[in-house]
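Next come the chains, spelled out residue by residue.
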Amino acid sequence: MSFEEILAKQGKLVYTNVGTSMMPLLRQHHDLLIIAPKPEGRLKMWDVPLYRRDNGQYVMHRVLWVRKNDYILCGDNQYYPETGIQDRHIIGVLESRSRDGKVLPVRATREHPNVPFSYKLYVFLWCFFFPIRAVLVFFHTKWVIRKYRKQNKQLQ
């Protein structure tokens, strides 16, 4: 079954993510994600939607800006924003995540009406300093790739 079918049938999607684009918020193969169906109307800035690109790939990134016809999204561990994501691409929105048995709400719901201040602060700082963070992530990524290549040459 596709994610869309599960959301339509069960009303929520619970799964473990693959990929590192949303680190440190989401850890690959470790955190349990609770996805709610796509809300009525437009998403809000800093929501974390699950969307499907035109090529069929499922992605979960944070909304940095809401524009008239689309959204600008970027993973917390990425430096290059993605544009052109429209409402038709959105499948659901991250409601909360569970790590080591503790649930962290990331969006206000009936079950969790209050999002923790620590999460709000994280999101504000992470997004407000996006230009600086993007440069740091870019150079860190280049450094990791260079280090990886150097180690591989030594092994050969």
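Along its length, the chain carries 3 helices and 9 strands. Listed N to C, the secondary structure of the chain is α-β-β-β-β-β-β-β-β-β-α-α in terms of helices and strands. The C-alpha radius of gyration computed for the chain amounts to 17 Å, which stays within 12% of the reference 15 Å derived for 156 residues, consistent with globular compactness. C-alpha extents for the chain along the principal axes are approximately 55 × 35 × 30 Å.

Counting across every chain of the model gives 10 aromatic pairs. Ring centres of Phe-3 and Tyr-58 lie 4.5 Å apart, and the angle between their planes is 50 degrees; on these two criteria the pair is classed as tilted. Note that Phe-3 is positioned in helix H1 (residues 3–10) and Tyr-58 in strand E4 (residues 58–60), a separation of 55 residues in sequence.

For the rest of this paragraph, the subject is the side chain of Arg-62. With respect to the helices and strands, Arg-62 occurs in strand E5 (residues 62–66). Reaching out from Arg-62, the side chain makes a polar contact with the backbone oxygen of Trp-46 at a distance of 3.1 Å.

Side chains of nonpolar character tend, in soluble globular proteins, to be buried together. Core analysis: the largest hydrophobic core is formed by 25 residues, its most contacted members being Leu-25, Ile-35, Met-60, Leu-94 and Tyr-119. For Leu-25, the residues in contact, after removing those within four places along its chain, are Asp-31, Arg-62, Asp-76, Leu-94, Arg-97, Arg-99, Leu-104, Tyr-119 and Tyr-122. Within the second largest apolar cluster, 9 residues are counted, among which are Leu-43, Tyr-71, Leu-73 and Ile-90.

What follows concerns the sheet that holds E5. Strand order in the open sheet made by the 3 strands is E5-E6-E7, with antiparallel pairing throughout. Single-partner strands in this sheet number two, and they are E5 and strand E7 (82–85). Adjacent strand axes in the sheet meet at a mean angle of 35 degrees, parallel and antiparallel pairs treated alike. Strand direction decides the pairing type here: strand E6 (residues 71–74) and E7, joined by 2 bridges, are antiparallel. Of the residues in E7, the one forming a bridge with Tyr-71 is Ile-85.

Moving on to the pattern of salt bridges. Counted according to the given criterion, the structure contains 11 salt bridges. Among the ionic pairs, Arg-27 bridges to Asp-100, the shortest N-O distance being 3.9 Å. Residue Arg-27 is located in the loop between strand E1 (13–16) and strand E2 (32–37), and its partner Asp-100 is located in the loop between strand E8 (90–99) and strand E9 (102–105); the two are separated by 73 residues in the primary sequence. Judged by its relative accessible area of 62%, Asp-100 falls in the exposed class. Asp-31 is the partner of Arg-99 in a salt bridge, and the nearest nitrogen-oxygen pair spans 2.8 Å. Linking Arg-99 in strand E8 with Asp-31 in the loop between E1 and E2, this pair joins segments that are 68 residues apart in sequence. Three or more residues joined by partner-sharing salt bridges are found here, namely Arg-27, Asp-31, Arg-99 and Asp-100.

About the thresholds
- Residues numbered from 1 in each chain as written.
- Predicted model: local features only at pLDDT ≥ 70, side-chain atom pairs only at ≥ 80, totals over all residues.
- Heavy atoms only, no water.
- Helix = DSSP H or I, 4+ residues; strand = E, 2+ residues; numbered from the N terminus.
- Rg over C-alpha atoms; globule rule 2.2 N^0.38 Å.
- Phe/Tyr/Trp six-rings, centres within 6.5 Å; stacked < 30°, edge-to-face > 60°.
- Polar contact = N/O pair within 3.5 Å; in protein donor to acceptor, adjacent residues only side chain to side chain.
- Core = buried A, V, L, I, M, F, W, Y, C linked by side-chain atoms within 4.5 Å.
- Buried < 20%, exposed > 50% of the residue type's maximum accessible area, 1.4 Å probe, protein only.
- Contact = heavy atoms within 4.5 Å.
- Pairing = 2+ DSSP bridges.
- Axes fitted to C-alpha atoms, helices over the stretch in contact; angles between N-to-C directions.
- Salt bridge = Lys/Arg side-chain N within 4 Å of Asp/Glu carboxyl O.

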